[in-house]
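The lines below spell out each chain.
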Amino acid sequence: MYVYRCPSPTVEDRKEIFRDVIPAAMRQYGTDSAKRMYFIDYPIDEPNDINFCVAVLDGSKGPYVQDWPEEKALCLFFHGDYDEIPEVRERLVAYARQQGLKLKGTCRNIYLEGPPHHKDKSKFVTQVALPLVQDEL
């Protein structure tokens, strides 16, 4: 995983940062299209402290490359504008707490379909995932 950490307070900021991060990762390491390719990862209580993540080929080594294990997570697929994701995340966190699930404290927005695919923001598809504490599984 190519991981670039950078504070980012707005959706527009994040789009601009990803416009730089994605090609940088691809040029240096290639991409692993068998995995979820582009996502952000951030603490639930600090949603502007962003890890911009790009799936790169296994065996890649470098200053921004990290090995991330697969994790179980509570997820949903959201269809709509990125600006609505914070409300969706909060509803998912509330559901997890109501069900007694222990969260790791991070959230991932995995971008499946977005600006390259649709002009209409209501058609964007984002997987919102809350990794779970391992002993809960």
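Residues numbered from 1 in each chain as written. Predicted model: local features only at pLDDT ≥ 70, side-chain atom pairs only at ≥ 80, totals over all residues. Heavy atoms only, no water.

(A) Region of the structure containing the overall build of the chain. Of the regular secondary structure elements, the chain holds two helices and six strands. Listed N to C, the secondary structure of the chain is β-α-β-β-β-α-β-β in terms of helices and strands. Here the C-alpha atoms of the chain give a radius of gyration of 15 Å, agreeing with the 14 Å that 2.2 N^0.38 yields for 137 residues. The proportion of buried residues among the 137 residues of the chain is 41%. In the chain, the share of contacts with a sequence separation of at least 24, taken over all contacts with a separation of at least 6, comes to 69%. Here the chain has roughly 8200 Å² of accessible surface; of this, 50% comes from carbon and sulfur atoms. (Helix = DSSP H or I, 4+ residues; strand = E, 2+ residues; numbered from the N terminus. Rg over C-alpha atoms; globule rule 2.2 N^0.38 Å. Buried < 20%, exposed > 50% of the residue type's maximum accessible area, 1.4 Å probe, protein only. Contact = heavy atoms within 4.5 Å. Areas by Shrake-Rupley, 256 points an atom, 1.4 Å probe, with all protein chains shown as cover.)

(B) Quick look at the pairing of strand β5 (residues 106–113). Across five bridges, strand β2 (residues 38–43) lies against β5 in antiparallel orientation. Bridging from a neighbouring strand, Tyr 42 pairs with Cys 107 of β5. (Pairing = 2+ DSSP bridges.)

(C) Layout of the sheet that holds strand β6 (residues 125–131). Taken together, six strands build an open sheet; the order of strands is β1-β3-β2-β5-β6-β4 and the sheet is antiparallel. Edge strands, defined here as strands with exactly one partner in the open sheet, are β1 (2–7) and β4 (73–79). Pairwise comparison of adjacent strand axes, ignoring direction, gives a mean angle of 20 degrees for this sheet. With five bridges joining them, β5 and β6 adopt antiparallel strand pairing. From the neighbouring strand, Tyr 111 faces β6, where its bridge partner is Thr 126. Each of β1, β2, β3 (49–54) and β5 is contacted by helix α1 (residues 11–29), which is oriented at about 40 degrees to β3, the strand it contacts most. (Axes fitted to C-alpha atoms, helices over the stretch in contact; angles between N-to-C directions.)

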